Amino acid sequence: MENASIQVIVELLPVDVNKTSLFTYGERVGVAIVLLIIFVLGTLGNSIVILAVALSKDLHTIPNVFVVSLAIADLCYCLLLPSSSVIPLLSRVPWRSETLCFLSALMAYTSVGASLYNLACIALNRLLVIRGPAKARKWLFTTKKIAIMVAGTWAIPLAAILVPLPFGIGALGLDKQDNTCSDIDTHPRSIEYHLIQVFCFYPLPLMILIISYSLLFFHVHYSFKHRRESFKLTHQEMSDFRTDDDTMQDKLKARFKKRTNRQQLQITKNLFIVSCVFVVCGAPYSVALLTTSNARILLFLSVLFTFNSCVNPILYTVNHSRFKVVILCILRCRLKDIPKPSALLVSLRATFCRV
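Predicted model only: the values in this text are computed from it and were never measured. (Residues numbered from 1 in each chain as written. Predicted model: local features only at pLDDT ≥ 70, side-chain atom pairs only at ≥ 80, totals over all residues. Heavy atoms only, no water.)

We now examine the overall build of the protein. Looking only at helices and strands, one finds 12 helices and 2 strands in the protein. Starting at the N terminus and walking to the C terminus, you meet the elements of the protein as α-α-α-α-α-α-β-β-α-α-α-α-α-α. Among the 355 residues that make up the protein, the fraction classed as buried is 42%. Nonlocal contacts in the protein, meaning residues at least 24 apart in sequence, comprise 75% of its contacts between residues at least 6 apart. Total accessible area on the protein is roughly 19,500 Å²; 69% of this is exposed by carbon and sulfur atoms. (Helix = DSSP H or I, 4+ residues; strand = E, 2+ residues; numbered from the N terminus. Buried < 20%, exposed > 50% of the residue type's maximum accessible area, 1.4 Å probe, protein only. Contact = heavy atoms within 4.5 Å. Areas by Shrake-Rupley, 256 points an atom, 1.4 Å probe, with all protein chains shown as cover.)

Before going further, it helps to examine the packing of aromatic side chains. Tallied over the entire structure, the rule returns 0 aromatic pairs. Sitting over the ring of tryptophan 139, lysine 145 keeps its end group 3.6 Å from the ring centre. (Phe/Tyr/Trp six-rings, centres within 6.5 Å; stacked < 30°, edge-to-face > 60°. Lys NZ or Arg CZ within 6 Å of the ring centre and 35° of its normal.)

Let us now look at the side chain of serine 182. Inspection of the secondary structure assignment puts serine 182 in strand E2 (residues 180–183). By relative accessible area, serine 182 is classed as buried at 9%. Not counting the four nearest positions on each side in its chain, serine 182 is found in contact with Ala105, Tyr109, Ala171, Leu172, Gly173 and Asp175.

Here the focus is the pattern of salt bridges. Taken as a whole and assessed by the stated rule, the structure comprises 3 salt bridges. Among the salt bridges present, the one from arginine 322 reaches aspartate 58, with a minimum N-O distance of 4.0 Å. You can see arginine 322 sitting in helix H11 (residues 321–331) and its partner aspartate 58 sitting in the loop between helix H2 (25–55) and helix H3 (62–90), a full 264 residues away along the chain. With a relative accessible area of 43%, arginine 322 lands in the partly exposed category. Measuring nitrogen to oxygen at the nearest pair gives 2.8 Å for the salt bridge that ties arginine 189 to glutamate 192. Judged by its relative accessible area of 31%, arginine 189 falls in the partly exposed class. Overall, glutamate 192 belongs to the partly exposed group, its relative accessible area being 33%. Because the salt bridges share partners, they merge into one network encompassing Asp58, Arg322 and Lys340. (Salt bridge = Lys/Arg side-chain N within 4 Å of Asp/Glu carboxyl O.)

To continue, consider the packing of H2 against H11. Packing of H2 against H11 brings their axes to within 10 Å, and their N-to-C directions diverge by 105°. It follows from the interaxial angle that H2 and H11 lie roughly perpendicular. Between H2 and H11, the residues in contact are Ile48, Val49, Leu51, Ala52, Val53 and Leu55 and Phe323, Val326, Ile327, Ile330 and Leu331, respectively. (Axes fitted to C-alpha atoms, helices over the stretch in contact; angles between N-to-C directions. Parallel < 35°, antiparallel > 145°, perpendicular 65-115°, else oblique.)

Moving on to unusual backbone geometry. Positive phi, close to 60°, is recorded for cysteine 333, a residue that is not glycine. Classification of cysteine 333 as exposed rests on a relative accessible area of 68%. Within the chain, lysine 340 stands out as a residue other than glycine whose phi angle is a positive 45°. Looking at the secondary structure, you find lysine 340 in the loop between H11 and helix H12 (343–354).

Looking now at the nonpolar core. Counting 67 residues, the largest nonpolar core has Phe66, Leu172 and Phe323 as its most contacted members. With residues up to four places along the chain from it excluded, the contact list for leucine 172 reads Phe102, Ala105, Leu106, Tyr109, Ile161, Leu165, Ser182, Asp183, Ile184 and Tyr193. (Core = buried A, V, L, I, M, F, W, Y, C linked by side-chain atoms within 4.5 Å.)

A separate point is the environment of arginine 137. Among the structural elements, arginine 137 can be located in helix H5 (residues 134–140). Note: C-alpha distance between arginine 137 and asparagine 125 (12 residues apart in sequence) is 8.4 Å. If near-sequence neighbours (up to four positions away) are discounted, arginine 137 is found in contact with Leu128, Val129 and Gly132.

A residue-level look at the protein finds 72% of positions with pLDDT of 70 or above and a mean pLDDT of 75. Across the protein, element-level confidence peaks in helix H6 (residues 143–162) with a mean pLDDT of 93 and bottoms out in helix H1 (residues 2–12) with 33. Residue range residues 1–20 is modelled with pLDDT below 50. Its contacts to residues more than four positions away, or to other chains, number 21 contacts. (pLDDT = per-residue confidence, 0-100.)

A separate point is H6. Taking 1.5 Å of rise per residue, the 20 residues of H6 would be expected to cover 28 Å, and the 28 Å separating its terminal C-alpha atoms lies within 8% of that figure. Largest kink in H6: about 25°, centred on glycine 152. Here H6 has its buried residues at Ile146, Met149, Val150, Thr153, Pro157, Ala160 and Ile161. (Expected span 1.5 Å × (residues − 1). Bend = angle between axes of the 7 residues up to and from the residue.)

Together, Ile191, Leu195, Phe199 and Leu290 line one region of the surface with nonpolar side chains, adding up to about 390 Å² of accessible area. Tallying contributions element by element places helix H7 (residues 190–201) first for the nonpolar patch, with 3 residues. Counting through the fold element by element, isoleucine 191 comes out in helix H7. (Patch = residues over 30% accessible without salt bridge, like charges linked within 9 Å, V, L, I, M, F, W, Y side chains within 5 Å.)

Right, let's get into the environment of valine 31. Examined against the element boundaries, valine 31 turns out to sit in helix H2. Exposure remark for valine 31: the relative accessible area of 6% places this residue in the buried category. Between the C-alpha atom of valine 31 and that of leucine 299, which follows or precedes it by 268 residues, the distance is 8.6 Å.

Here we take up the side chain of threonine 43. With respect to the helices and strands, the residue threonine 43 is situated in helix H2. Take threonine 43: its relative accessible area is 15%, and that puts it in the buried class. A distance of 2.6 Å separates a polar atom in the side chain of threonine 43 from the backbone oxygen of phenylalanine 39. (Polar contact = N/O pair within 3.5 Å; in protein donor to acceptor, adjacent residues only side chain to side chain.)

Pasting the structure below:
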């Protein structure tokens, strides 16, 4: 009886996580600070993107359905950072609520996977809208099929995380090595669980991104080249009638060439940034899951992977003129200036005007 009482008391005593963690407290504080910055930026950025689409009919387009789904996924992940990573990292005693830690890890991993698949859907949508046949667009992008596609972007990662668990492959909860709510690296079959995550989350979205943006790049390059040739032919015809106006023709050619080069450079840069940020943020962590079981490396690379969640709103809205107008109205608290107000905004105006 006395031994049982002692055992209960020992279990209730706080355990110094510095004895079980592979990281010093200073390292954990540094990682926690970076994650807090990502939490603030990601929460604000993704919330504004969702609010912008909700308040303006001008943004009620098919591509923005996936942009909103992407923003929701990134927002969910950012909102979970304090509970799943920051608090456990800073705490000197381990969490006692395994259920809360399990749910935090489950939602965090699902949000990451949904974010990646929404990025792929956006790339595919842009490819078909710009380069694909009209019949294919009308057949694929109906309301019902878009709803199925959005649901799929969430269902695939959720299944990849949940299905292996009943078969004893991996586990979710408090990982005592890095003191975060995630998959447990000390589990006997954690490597298999990592492989499932990598192959379900990364290759397909990456392949869609690379193929879609590569085809778009070549299409844009060919279009500008063809337009330049048409411009030359038009001015050749004009020169037969106005041979004395060489100066004006030279100015027009120079202006067109400058505008064309600027547009082509901007489009190329946007596509390059979108693809590169995805690869730079995701590839190191995914490769590390396949090649190493070093928890220190995985934790630091996961921070880089997390950075993608607060960058996405910037990448998909900063060069979008319609988004920019609405977001500026929100930031300046000038909701009355939002173009084409949605039914939600109209009702909000009516409600507050009565008050």
